[in-house]
Amino acid sequence: MDWIKCAETGNYEWRDAIYNDSEIPEGYTYVGSSTDDILKDLNINSQYNMNELSIISIGGDCDEVNPNKSSWRLLVPINIEVTASVKVSPIISFIPANSTGNNLLGKSFTGIKFTAVMTQRQANSINDFDNEAIARFYINYGPKVFDQQLESPKEAYVVPSGTKITSGTIFISASALSPNRSFGNATLGISAQNFGLYSQTKSIQWKISRYY
């Protein structure tokens, strides 16, 4: 019971009756029994370590009725500490239409899900000048760039008091994968919301391909 790959199309296919690379049909290569073996064949890891950075923003006290630049009375630098990581998951579905004599359940590889999770907290102790980092998640694949804004997650996360968390997911379908392309970088472009006042723009980047 293993995954094999068609040499011509690059498609991954499940076989119930293949147990090692000596039993693969002509025109296919052996991948492995685990979904993680698909990631290895695609030259990517399942987890990319946490990275940290700090963003300097400007917070201020303003006229609540007219919160624009001209009404700011007191400006305070705000240091936002950010931590982020990326997880990669192969997506497996059971599709009746793909059922065959050697794949009774129609087990199919349908794509890859990249999930970025970012936590943040203000390093300064001035709670009156609350500010928040925002981020957009990018995945480079061949000439294409996939992107997604990070938002409050639907899943439950346990985080320390005073810490905010956002996440974003990019799905790349199996049909979009090509044996002639490789993954480049995963990037978080990060800045802060502050009504047009100063904010640093920084990025966290991970090299997706394990080797070139």
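Small disclaimer: the values here were computed from a predicted structure and weren't measured.

Trainee: Give a detailed account of the nonpolar core, specifying residues and quantitative values.
Mentor: In terms of nonpolar packing, the biggest core is built from 39 residues, with Ile44, Ile112, Phe114, Phe137, Phe183 and Leu188 touching the most fellow members. Excluding anything up to four places from it in sequence, Ile44 contacts Leu39, Val88, Ile112, Phe114, Phe183, Ile208 and Arg210.

Trainee: Can you explain a nonpolar patch on the surface? Please cite residues and give values.
Mentor: Residues Phe94, Leu104 and Leu105 make up a contiguous nonpolar surface patch of roughly 360 Å² in combined accessible area. Tracing the backbone shows Leu105 in the loop between strand E5 (74-94) and strand E6 (107-122). Given the relative accessible area of 61%, Leu105 is considered exposed.

Trainee: Before we move on, could you go through the side chain of Thr83 and cite the residues and values that matter?
Mentor: Within the element layout of this structure, Thr83 appears in strand E5. Once you skip the residues sitting within four places of it in the chain, Thr83 turns out to touch Met50, Asn51, Glu52, Val117, Met118 and Thr119.

Trainee: A description of the layout of surface pockets should follow, citing residues and the corresponding values.
Mentor: Volume-wise, the largest pocket comes out at about 510 Å³. Along its surface, the largest pocket is lined by 29 residues, and Gly10, Asn11, Tyr12, Phe109 and Ala174 are the ones closest to its centre. Among the elements of the structure, strand E1 (2-6), strand E2 (12-15) and E6 are those that each provide at least two residues to the lining of the largest pocket. Considering only residue class, the lining of the largest pocket consists of 11 nonpolar, 12 polar and 6 charged. In terms of lining, the second largest pocket is formed by 16 residues, of which the most central are Thr115, Glu155, Ser167, Gly168 and Thr169. At the level of secondary structure, the elements contributing two or more residues to the lining of the second largest pocket comprise E5, E6, strand E8 (144-149) and strand E9 (164-173). Of the residues in the lining of the second largest pocket, the class split is 3 nonpolar, 8 polar and 5 charged.

Trainee: Break down the environment of Ser173 for me, with residues and values.
Mentor: Of note, Ser173 is situated in strand E9. Placed 83 residues apart in sequence, Ser173 and Pro90 show a C-alpha to C-alpha distance of 9.9 Å. Not counting residues up to four positions away in its chain, the partners in contact with Ser173 are Thr110 and Gly111. Among the polar contacts made by the side chain of Ser173, one reaches the side chain of Ser175 at a distance of 3.0 Å.

Trainee: Could you give me a rundown of the confidence of the model for the protein chain, with the residues and numbers involved?
Mentor: Looking at the protein chain, the pLDDT average stands at 82 and 78% of residues meet or exceed 70. Averaged over each element, pLDDT in the protein chain is lowest for strand E4 (residues 47-61) (69) and highest for E8 (95).

Trainee: Any chance you could break down the side chain of Asp37 for me, citing the residues and the numbers?
Mentor: Among the secondary structure elements, Asp37 is positioned in helix H1 (residues 35-41). Notably, Asp37 is buried but unbridged: the nearest opposite-charge side chain belongs to Lys40, and the N-O separation is 4.1 Å. Not counting residues up to four positions away in its chain, the partners in contact with Asp37 are Val31 and Gly32.

About the criteria used
- Residues numbered from 1 in each chain as written.
- Predicted model: local features only at pLDDT ≥ 70, side-chain atom pairs only at ≥ 80, totals over all residues.
- Heavy atoms only, no water.
- Core = buried A, V, L, I, M, F, W, Y, C linked by side-chain atoms within 4.5 Å.
- Buried < 20%, exposed > 50% of the residue type's maximum accessible area, 1.4 Å probe, protein only.
- Contact = heavy atoms within 4.5 Å.
- Patch = residues over 30% accessible without salt bridge, like charges linked within 9 Å, V, L, I, M, F, W, Y side chains within 5 Å.
- Areas by Shrake-Rupley, 256 points an atom, 1.4 Å probe, with all protein chains shown as cover.
- Salt bridge = Lys/Arg side-chain N within 4 Å of Asp/Glu carboxyl O.
- Helix = DSSP H or I, 4+ residues; strand = E, 2+ residues; numbered from the N terminus.
- 1 Å grid on protein atoms, 1.4 Å probe; cavity = no way out; pocket = protein on both sides within 12 Å on 5 of 7 lines; lining within 4 Å.
- Points joined across faces, edges and corners; volume = space filled by probe spheres on them.
- Nonpolar A, V, L, I, M, F, W, Y, C, P; charged D, E, K, R; others polar.
- Polar contact = N/O pair within 3.5 Å; in protein donor to acceptor, adjacent residues only side chain to side chain.
- pLDDT = per-residue confidence, 0-100.
- Lys, Arg positive; Asp, Glu negative; His and termini not counted.

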